Amino acid sequence: MFRTVADFQKAWEYEAESTLKLLRALTDASLSQAVAPNDRTLGRIAWHVVTTVPEMMARTGLTLSGPKHTAPMPAHAADMATAYDALTKSLAEQIRERWTDATLPEIDEMYGEKWKRGFTLAVLIRHQAHHRGQMTVLMRQAGLTVPGVYGPAREEWTAFGMAPPAI
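To keep things clear, this report deals only with the structure shown in the data block. These figures come from a predicted structure and were not determined experimentally. (Residues numbered from 1 in each chain as written. Predicted model: local features only at pLDDT ≥ 70, side-chain atom pairs only at ≥ 80, totals over all residues. Heavy atoms only, no water.)

1. Considering helix H4 (residues 117-141)
Stage number 1. Compared with an ideal rise of 1.5 Å per residue, which puts 25 residues at 36 Å, H4 spans 37 Å between its outermost C-alpha atoms and is within 8% of the ideal.
Stage number 2. Count one or two residues on from H4 and you reach Gly-143, which has phi positive near 85°. (Helix = DSSP H or I, 4+ residues; strand = E, 2+ residues; numbered from the N terminus. Expected span 1.5 Å × (residues − 1).)

In structure tokens form, the structure reads like this:
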């Protein structure tokens, strides 16, 4: 749970950029990649990550600039990345302008529960991390190069002058 706006803003900057790196690595062809026929596709998961930002934050009273959570999934991966970038910047701006450290303990109705705003912000970040993990598996299955998030991806080790970890 976040107790200061500054702590959230710092974490959000890194986490949003990490998610944006993945979204920018998607291709239009990769959006249809799925583990199985009855599972979400890579595109559906990516769009869910994008649209959860305005959906979850609307429950706290914030209205973000960008697509609404009900917006249909775009056919182009680049449009998802553009939408996400706009939403994440809007969220950072809204929180900077409308919230203070004193508002983070305020409680909102969230999915049948009562959550402090600082907890909601932590859940938003964890939600993205959860789905980034799913996306990286589907990206590999689709033949894409996966950018590193919390460390180098397999293809990035050489840039650090190191060999990739042994399999």
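2. As for the nonpolar core
Stage number 1. Ranked by size, the top nonpolar core spans 45 residues in total, and within it Trp-12, Leu-26, Tyr-84, Leu-91 and Met-135 carry the most contacts.
Stage number 2. Of all elements in the fold, only helix H1 (5-25), helix H2 (42-58), helix H3 (77-98) and H4 reach the threshold of two or more residues within this core.
Stage number 3. The residues touching Met-135, leaving out its near neighbours within four places in the chain, are Leu-22, Leu-23, Leu-26, Leu-42, Ile-45, Ala-46 and Val-49. (Core = buried A, V, L, I, M, F, W, Y, C linked by side-chain atoms within 4.5 Å. Buried < 20%, exposed > 50% of the residue type's maximum accessible area, 1.4 Å probe, protein only. Contact = heavy atoms within 4.5 Å.)

3. Quick notes on the layout of surface pockets
A water-sized probe rolled over the atoms picks out the places where empty space is left.
Stage number 1. Of the voids in this model, the largest pocket is the one considered here, and its volume is about 230 Å³.
Stage number 2. The wall of the largest pocket is formed by Gln-9, Trp-12, Glu-13, Ala-16, Glu-17, Leu-20, Asp-85, Thr-88, Lys-89, Ala-92, Glu-93 and Arg-96.
Stage number 3. Every element with two or more residues in the lining of the largest pocket is listed here: H1 and H3.
Stage number 4. Residues that form the lining of the largest pocket fall into these classes: four nonpolar, two polar and six charged. (1 Å grid on protein atoms, 1.4 Å probe; cavity = no way out; pocket = protein on both sides within 12 Å on 5 of 7 lines; lining within 4 Å. Points joined across faces, edges and corners; volume = space filled by probe spheres on them. Nonpolar A, V, L, I, M, F, W, Y, C, P; charged D, E, K, R; others polar.)

4. Examining unusual backbone geometry
Stage number 1. Positioned with a positive phi, Tyr-111 is a non-glycine residue whose angle comes to about 55°.
Stage number 2. As for its placement among the helices and strands, Tyr-111 is situated in the loop between strand S1 (107-110) and strand S2 (113-116).

5. Some details on the side chain of Thr-51
Stage number 1. Locating Thr-51 in the fold gives a position in helix H2.
Stage number 2. Non-local contacts of Thr-51, meaning those with residues more than four positions away in its chain, are made with Lys-68 and His-69.

6. Concerning the packing of aromatic side chains
Stage number 1. Inspection of every chain in the model, using the stated rule, returns five aromatic pairs.
Stage number 2. Ring geometry for Phe-8 versus Trp-12: centroids 5.6 Å apart, planes at 20°, classification stacked. Here Phe-8 and its partner Trp-12 are both found in helix H1, four residues apart, which amounts to about one turn of the helix.
Stage number 3. On the basis of relative accessibility, which here comes to 0%, the residue Phe-8 falls in the buried class.
Stage number 4. On the basis of relative accessible area, Trp-12 is assigned to the buried category, the value being 2%.
Stage number 5. Taking 5.1 Å as the distance between ring centres and 90° as the angle between the ring planes, the aromatic pair formed by Trp-115 and Phe-119 counts as edge-to-face.
Stage number 6. In this structure an aromatic cluster arises from ring pairing among Phe-2, Phe-8 and Trp-12. (Phe/Tyr/Trp six-rings, centres within 6.5 Å; stacked < 30°, edge-to-face > 60°.)

7. Regarding the environment of Ala-102
Stage number 1. Along the chain, the position of Ala-102 falls in the loop between H3 and S1.
Stage number 2. Once the C-alpha coordinates of Ala-102 and Val-5 are considered, the two residues, 97 residues apart in sequence, prove to be 9.2 Å apart.

8. Regarding the pattern of salt bridges
Stage number 1. For the structure on display, the rule yields nine salt bridges.
Stage number 2. For Asp-85, the salt bridge is made with Arg-24, and the minimal N-O distance between the two is 4.0 Å. Here Asp-85 is found in helix H3, whereas its partner Arg-24 is found in helix H1, with 61 residues between them in sequence.
Stage number 3. On the basis of relative accessible area, Asp-85 is assigned to the buried category, the value being 19%.
Stage number 4. Residue Arg-24 is classed as exposed on the basis of its relative accessible area of 53%.
Stage number 5. Across the pair Arg-59 and Glu-55 runs a salt bridge, and its minimum N-O distance is 2.6 Å.
Stage number 6. A relative accessible area of 36% places Arg-59 in the partly exposed class.
Stage number 7. Its relative accessible area of 15% is what places Glu-55 among the buried residues.
Stage number 8. One network of salt bridges, in which partners are shared, links Arg-24, Asp-85 and Lys-89. (Salt bridge = Lys/Arg side-chain N within 4 Å of Asp/Glu carboxyl O.)

The analysis is restricted to geometry; functional conclusions fall outside its scope.
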